[in-house]
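Observations on the three-dimensional arrangement
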Amino acid sequence: MTQSLLHQILDPANRADPYPIYAELRKTPVHHEEDGPFVVSTYYEIRSLLHDPRISSDAHNLVSTGHDPLAEPAQEEQSELPPSFLRLDPPEHDRLRRMTNRHFGPPHSPHRVDGMRGELQGIVTGLIDGIGDPGRIDLVDQFSYPFPVTVICRLLGVPREDEARFHGWADAIAASLDPDPDADPAERGKGAPDARMQLGMYLAGLIEERRKNPGDDMLSELASAKGPDGTLTTMELLSTAALLLIAGHETTVNLVTNGMLTLLRNPDVLQRLRADPRLAVPIVEELLRFEPPVQLVPQRTPLADIEVHGVTIPKGSSLWLVLASGNRDPRRFENPDRFDPDRRDIQHLGLGSGIHSCFGAPLARLEAQFALSELARRLENPRLLEDPPPYRQNAVLRGPRHLSIACDGIRP
Ligand code: HEM
């Protein structure tokens with residue numbers, strides 16, 4: 001039997017190259033299978049929905065439609081942590097995002113990310129120096145995973161040595177985003193509520209400690225600072241800290257790994273980057289278009305019946321926005337399947353758009369730019385040992401589980 005397009009997207013067998021399925025999907029910009037979500041795959045339609053105030057991110061507004069593999073009960077039924085601002089609508093979303101941003105970016109904290117440049121460079125250097133046998137490197141385990149974890153720990157003030165404790169919880173939460181179309185929806189993400197609770201308890205202990213002994217990290221500031229919006233409640237602080245910790249590394253790992261994979265498949269670009277590290281800026285933007293670590297946004301719901309491309313999407317239905325497909329839409333991008341860092345017009349959807357667009361974007365970009373330019377500069381004659389590499393199961397947060405590469409040596 002031929003698989004439905006929805007099943008094909010979710011099937012791990014298609015993870016290495018989902019793009020032909022997206023091309024098929026775009027023939028019907030609003031795709032709907034019986035009892036399934038409404039799947040939107042074309043650039044302009046996705047963008048307009050991301051900016052539409054009638055579209056909610058709050059799971060409370062979702063009316064269960066039966067077999068939508070991603071439909072899930074509102075979060076607090078699953079766990080004791082309230083939803084983070086990723087899953088809230090205005091005005092709560094805006095208030096929490098504003099209060100968090102006070103300690104992360106301009107205008108109140110203009111130096112937070114920029115001030116990490118030296119640290120980023122130091123972490124990248126340390127990890128590359130620590131690569132043992134250049135003949136067999138697992139880029140994920142040895143570089144792309146530890147790098148953003150170390151960075152987000154430093155930013156938040158989470159002890160790096162606790163990684164072994166939160167790694168399992170973070171993985172379970174990330175995996176709960178991964179829909180298995182054939183599993184009983186009630187069973188899906190079974191490990192996540194427990195993981196969220198454990199992570200919440202762990203962070204609560206840490207915040208208690210930071211309140212007593214504040215540092216210059218974000219957790220200390222979020223826990224004590226009072227701004228025009230007041231202070232975060234303990235529960236708001238916990239769900240925000242959990243969001244930052246997870247969003248801060250489960251995505252960047254894939255951008256760096258997808259980046260190296262794409263560069264090794266395009267050796268001319270790798271060579272140009274080695275000669276001119278400033279090329280890392282357009283390369284990272286093109287990567288966010290070409291191989292976005294967040295492939296789709298599966299948690300949207302219309303607050304009223306809305307019409308998109310001639311299809312009425314009913315109020316309360318489940319809406320998926322396939323960012324990675326919009327990024328390859330030939331109506332928007334010339335030659336979309338070509339990796340071309342010289343592209344001038346590159347307003348991709350890789351970091352979302354609208355009020356929920358990626359909060360950590362300046363940090364994510366800087367991390368990937370440092371990582372790729374240093375890998376290009378220091379690895380001598382790097383090559384892929386396995387192509388395509390094995391992928392993580394996750395269809396939403398897509399990226400290689402391992403990336404085996406070899407090189408002739410490590411330059412100082
Ligand atoms: C390459 C790395 C990253 C990618 C591709 C990425 C991608 C995204 C995307 C697509 C969204 C929008 C989700 C939606 O519309 O529902 C988002 C939101 C978010 N991201 Fe990132 N992200 C990355 C790194 C980071 C980092 C490093 C942080 C934290 C420091 C972060 C924190 C967040 C937060 C808090 C949100 C929610 C924003 C809101 O709801 O207002 N992300 N990210």
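This section reports on the structure supplied with the text. Given the structure is predicted, the values throughout are model-derived calculations rather than measurements.

In this section: the site of the ligand. For the ligand, the set of nearby residues contains 26 residues, the closest of which are His93, Arg97, Arg300, His356 and Cys358. The backbone of Ile355 places a nitrogen or oxygen atom 3.4 Å from an oxygen atom of the ligand. When contributions to the shell around the ligand are tallied by element, the ones reaching two or more residues are helix H5 (92-101), helix H12 (234-247), helix H13 (252-265) and strand S5 (297-302). Broken down by class, the residue content of the shell around the ligand amounts to 15 nonpolar, nine polar and two charged.

Right, let's get into the sheet that holds S5. An order of S1-S2-S8-S5-S3 is seen for the five strands of this open sheet, with the pairing classed as mixed. The sheet is open, and its two borders are formed by strand S1 (30-32) and strand S3 (55-56), each paired with just one other strand. In terms of strand pairing, strand S2 (residues 38-40) meets strand S8 (residues 319-321) through three bridges, oriented parallel. Pairing of Phe38 across the sheet is with Leu319, part of S8. Here helix H3 (residues 43-50) sits on the sheet in contact with S2, S3, S5 and S8, set at roughly 120° to S8.

Once that is clear, we can look at the packing of aromatic side chains. Any aromatic ring pair is given by two values, namely how distant the centres are and how the planes are angled relative to each other. Counted according to the given criterion, the structure contains eight aromatic pairs. An angle of 55° between the planes, with centres 5.4 Å apart, marks the rings of Phe290 and Phe339 as tilted. Of this pair, Phe290 sits in helix H15 (residues 280-290) while Phe339 sits in the loop between helix H16 (323-326) and helix H17 (361-378), and the two are 49 residues apart along the sequence. Each member of the pair, Phe290 as well as Phe339, is classed as buried. Ring pairs connect the aromatic residues Tyr43, Tyr44 and Phe333, which therefore count as one cluster. Just above the ring of Tyr19 sits the side chain of Arg328; from NZ or CZ to the centre is 3.6 Å. We note Arg328 situated over the ring of Phe290; from NZ or CZ to the ring centre the distance is 4.1 Å.

Rules and cut-offs
- Residues numbered from 1 in each chain as written.
- Predicted model: local features only at pLDDT ≥ 70, side-chain atom pairs only at ≥ 80, totals over all residues.
- Heavy atoms only, no water.
- Near = heavy atom within 4 Å.
- Polar contact = N/O pair within 3.5 Å; in protein donor to acceptor, adjacent residues only side chain to side chain.
- Helix = DSSP H or I, 4+ residues; strand = E, 2+ residues; numbered from the N terminus.
- Nonpolar A, V, L, I, M, F, W, Y, C, P; charged D, E, K, R; others polar.
- Pairing = 2+ DSSP bridges.
- Contact = heavy atoms within 4.5 Å.
- Axes fitted to C-alpha atoms, helices over the stretch in contact; angles between N-to-C directions.
- Phe/Tyr/Trp six-rings, centres within 6.5 Å; stacked < 30°, edge-to-face > 60°.
- Buried < 20%, exposed > 50% of the residue type's maximum accessible area, 1.4 Å probe, protein only.
- Lys NZ or Arg CZ within 6 Å of the ring centre and 35° of its normal.

Function-wise, these values are silent; they only describe arrangement.
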